[in-house]
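# Understanding the architecture of this molecule
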Amino acid sequence: MDDVDADRRGNVGDPAAAARALEHVVDPLVAVADGTITYANEAARDAFGIGEADRDAATALPGYWDRLATAIDETTVGTVRRVDFDDDRQGARIHRGVDGATITFDRGATGADDEGALAGTRDRLVKDRALEEAPVGITISDPDMEDNPLVYVNEAYEEMTGYEYDEVVGRNCRFLQGEDSSEAAIAEMAAAVAEDYPVTVELKNYRKDGTEFWNEVTIAPVRDEDGAVTNYVGFQNDVTARKEAELALEERTEELEYILDRVEGLIQDVTAVVAGSTDRSELESEVCERIAAEDGYDGAWIGERNPATGTIDVRSSAGSGADRQQLETGADHPAVETLETTESTVGTVEGRTCVALPLSYNGIEYGVLTVRADRDRDVDERETVILSALARSIASGVNARETSRVLATDAVVAVELELADRSFAPAALSSAADCRLEYRRSVHRTGDETASLFTVAGATGEDLTAAVADLEGVDCRVVVEHDDECLVELTGDSGLVGWLSERGARTQAIEAEDGRARVTLEIPRSANVRSIVEAIEDRYDGTDVRSFQQREREGETRQEFAARLEEALTDRQFGALQRAYLGGYFEWPRPTTGEELAQSMGVSRPTFHEHLRTAEAKLCRAFFGDA
């Protein structure tokens, strides 16, 4: 390999001092890049017999290179790795840079005789060019001189720091330190120098232009044959990218822990409000109060779209700056965007971060929850996800309160719809079997499935069975057949009755004929009637709204009486009574027997009659005032 240039030799600032220091570095040292040896010091040349043409690492370092190549690939740029060989040989230390690596072998690693193989290195100068090509910053200092100044730096060091060679030599390496440099790391290096032992630290340093970078510094004493320290060698790696990634991860982890700690109590309290409030207004008011009281937020409000005025009306609000006037639905506000997209929206209002969250349950819109941060801070995705879960819990609670008012309210809106979508089973069956279906009642089965009972005119059981065979997803079971009518149990109607019940609407009637079904609903006047109707229109293509009618209930309606009685009956008792009546069991002559009805329920005949008698007794008590 080429001789070292002699342009950096002499006193401080003259590389001759550096060369004299490096001739004491007796450990074999090799620099490699992409499997090619770019430099080998005299100790390495003598130990491994490396010549000018020996550039291939695998050839020049047989028995070592496989282990070393694997270790280099596994070593993170800017870090150091120790490799121990399998036999009695000692190991090596890898300093990984961006463009290559420097490998320093322990003296015993080569198996060569220290005095024989390395003797020549003590009297020869280490070549400058080899040091310049090293992929990491290398410095040498002279502790015999005042303040232990640097006497040599390589080109990698100059590129890393921005300082020229002549600006560095003669100065102590502390000139790279600044106000944010770790005092603990500086003290650790000073102690290592004072006690003459190697050390590796990470600290923030400053380039010539003042920019910061994270420097992984390894310093080690260089001793002569008598064990006296003659110099200090240093390796510097710019580990800014890795360090910033580590610090960012720590910051994100701390932020997440802070968010989780802060909102844990909020989630518990809001859940308690949702479970304990008696009506929707109370629920919304207490939720806003609780959110506004939480550290991190200074206000919250819940608004609802008003289609008549084209505005978002505030239903409840709490906290500083939480009160809002009506918002135009076209305004530039997160709440407006959330109602349009049904997605959570983060935006800035009056200089504060606001998060708007949709309040919807099973496709029914109940408004928007807007939360305002207590200071000029961002609300990240993780916090938004937590608040979204909170909004879903609130919407579920609102839905439960709205649904519970169906039986209690006197103010209702009767809505009549016409459905022609063939995914609605009654409409499809009326067309396929050329018959007329009339809804009687629904039965909730295990697993939340709803089975609806219909009387069918104009088709026999065989006709219905044949028609259903051609309808995908529809199940029709004939319960009773007599004269010109059948009582059938129909499933696969997309669960409309149960689906509407979950949204606070009661199905009053369903009549299907010629492929079209007329559905009559009762919805509490205080509920979001428009939202429920829109959800039905989205669910079934071709839905036609026939009429809206507001009315007040007077006294106990037939439906209320039936609901009260149904509440007093067990599922089995209700099922027995319902099947007996609709199956004509109370007529004479009976078109069906108790045995047949028992089989339709999957119970024995005695059990069926026991349920039926108990249900009849409760019906009589309810009718004559005993219950």
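What you see is a predicted model; the values in this text were computed from it and never measured. (Residues numbered from 1 in each chain as written. Predicted model: local features only at pLDDT ≥ 70, side-chain atom pairs only at ≥ 80, totals over all residues. Heavy atoms only, no water.)

## Here we look at the overall build of the protein chain
What the protein chain contains, in helices and strands, is 21 helices and 24 strands. The buried share of the protein chain, taken over its 627 residues, is 49%. Taking the contacts inside the protein chain whose residues are at least 6 apart along the sequence as the reference set, 57% of them involve residues at least 24 apart. Accessible surface for the protein chain amounts to roughly 30000 Å². Of this, 45% is attributable to carbon and sulfur atoms. (Helix = DSSP H or I, 4+ residues; strand = E, 2+ residues; numbered from the N terminus. Buried < 20%, exposed > 50% of the residue type's maximum accessible area, 1.4 Å probe, protein only. Contact = heavy atoms within 4.5 Å. Areas by Shrake-Rupley, 256 points an atom, 1.4 Å probe, with all protein chains shown as cover.)

## Digging into the sheet that holds strand β7 (residues 150-153)
Strand order in the open sheet formed by five strands is β7-β6-β10-β9-β8, with antiparallel pairing between adjacent strands. This sheet does not close on itself; its edge strands, each paired only once, are β7 and β8 (199-206). Strand after strand, the sheet turns through a mean of 25 degrees between neighbouring axes, direction not considered. When β8 meets strand β9 (residues 212-223), the two strands line up antiparallel, connected through eight bridges. Its bridge partner being in β9, Lys204 is matched across the sheet by Trp214. Sheet strands touched by helix α9 (residues 183-195): β8, β9 and β10 (229-238). Its angle to β8, the strand with the most contacts, is close to 135 degrees. (Pairing = 2+ DSSP bridges. Axes fitted to C-alpha atoms, helices over the stretch in contact; angles between N-to-C directions.)

## Focus on the pattern of salt bridges
Inspection of every chain in the model, using the stated rule, returns 33 salt bridges. Across the salt bridge formed by Glu294 and Arg290, the nearest N and O atoms sit 3.0 Å from each other. Like Glu294, the residue Arg290 is buried in the burial classification. Between Glu513 and Arg436 there is a salt bridge; the shortest N-O distance is 3.6 Å. With Glu513 in strand β22 (residues 506-513) and Arg436 in strand β18 (residues 436-444), this pair connects stretches of sequence that are 77 residues apart. With relative accessibility at 31%, the residue Arg436 sits in the partly exposed group. Here the salt bridges share partners, and the residues they tie into one network are Glu202, Glu216, Arg242, Lys243 and Glu246. (Salt bridge = Lys/Arg side-chain N within 4 Å of Asp/Glu carboxyl O.)

## Description of the environment of Ala192
As for its placement among the helices and strands, Ala192 is situated in helix α9. Taking the C-alpha atoms as reference points, Ala192 and Ile219, separated by 27 residues in sequence, lie 8.4 Å from one another. Apart from residues no more than four positions distant in its own chain, Ala192 is found in contact with Tyr197, Val199 and Tyr232.

## Describing the nonpolar core
Core analysis: the biggest nonpolar cluster contains 69 residues, and Phe424, Leu429 and Leu464 have the highest contact counts within it. It is helix α13 (residues 381-408) that provides the largest number of residues to this core, a total of six residues. (Core = buried A, V, L, I, M, F, W, Y, C linked by side-chain atoms within 4.5 Å.)

## A closer look at a negative patch on the surface
A contiguous patch of negative charge on the surface is contributed by Asp34, Asp99, Glu155 and Glu159. Its place among the elements puts Asp99 in the loop between β4 (92-96) and β5 (101-105). (Patch = residues over 30% accessible without salt bridge, like charges linked within 9 Å, V, L, I, M, F, W, Y side chains within 5 Å. Lys, Arg positive; Asp, Glu negative; His and termini not counted. Charge placed at Lys NZ, Arg CZ, Asp CG, Glu CD.)

## Observations concerning the packing of aromatic side chains
Following the criterion strictly, the structure yields 10 aromatic pairs and no others. Relative to Phe85, the ring of Tyr64 has its centre 5.0 Å away and its plane inclined at 90 degrees; by these criteria the two rings are edge-to-face. Here the residue Tyr64 occupies a position in the loop between α3 (57-60) and α4 (65-74), and Phe85 occupies one in the loop between β3 (80-83) and β4, the gap between them amounting to 21 residues. Accessibility classification places Tyr64 together with Phe85 in one group, the buried group. Aromatic rings pair up to connect Phe48, Tyr64, Phe85 and Phe105 into one cluster. Sitting over the face of the ring of Phe175, Arg171 holds its NZ or CZ atom 4.4 Å from the ring centroid. Just above the ring of Tyr585 sits the side chain of Arg590; from NZ or CZ to the centre is 3.9 Å. (Phe/Tyr/Trp six-rings, centres within 6.5 Å; stacked < 30°, edge-to-face > 60°. Lys NZ or Arg CZ within 6 Å of the ring centre and 35° of its normal.)

## Considering helix α19 (residues 571-582)
With 12 residues, α19 extends 16 Å between its outermost C-alpha atoms, agreeing within 8% with the 16 Å of an ideal straight helix rising 1.5 Å per residue. Listing the buried residues of α19 in full gives Gln573, Phe574, Gly575, Ala576, Leu577, Gln578, Arg579, Ala580 and Leu582. With its phi angle positive at about 80 degrees, Gly584 sits one or two positions after the end of α19. (Expected span 1.5 Å × (residues − 1).)

## As for the confidence of the model for the protein chain
For the protein chain, the mean per-residue pLDDT works out to 81, and 84% of the residues sit at or above 70. Within the protein chain, helix α5 (residues 114-117) has the poorest average pLDDT of any element, 43, and β8 the best, 94. Confidence drops under a pLDDT of 50 for residues 1-15, and excluding neighbours within four residues, the segment shows 50 contacts in the predicted structure. Low pLDDT, under 50, characterises residues 112-127; the predicted model gives this stretch 38 contacts beyond four residues in sequence or across chains. (pLDDT = per-residue confidence, 0-100.)

## Let's talk about the environment of Glu381
As for its position among the elements, Glu381 is in helix α13. The spatial distance from the C-alpha of Glu381 to the C-alpha of Val346 is 9.3 Å, given a sequence separation of 35 residues.

## Notes on the environment of Ser501
Residue position: Ser501 is located in helix α16 (residues 496-502). The class of Ser501 is partly exposed, set by a relative accessible area of 35%. As for Ser501 and Ser404, which are separated by 97 residues in sequence, their C-alpha atoms are 9.8 Å apart.

## What to know about the pairing of strand β12 (residues 311-319)
As judged from the eight bridges shared by strand β11 (residues 297-306) and β12, these two strands associate in the antiparallel manner. Each bridged residue has a counterpart across the sheet, and for Gly299 the counterpart in β12 is Gly319. Between β11 and β12, which pair antiparallel and follow one another directly, the connecting turn spans four residues, one of which, Gly310, has a positive phi of 70 degrees.

## What to know about the pairing of β10
Counting buried positions over the 10 residues of β10 gives nine, a clear majority of the element. Alignment of strand β6 (residues 137-141) against β10, held across five bridges, turns out to be antiparallel. Within the sheet, the bridge partner assigned to Ser141 lies in β10 and is Tyr232. One ladder, built from nine bridges, connects β9 with β10; its direction is antiparallel. Bridge pairing in β10 places Ile219 opposite Gly234. Count of turn residues in the β9/β10 antiparallel hairpin: five residues, of which Gly227 carries a positive phi of about 90 degrees.

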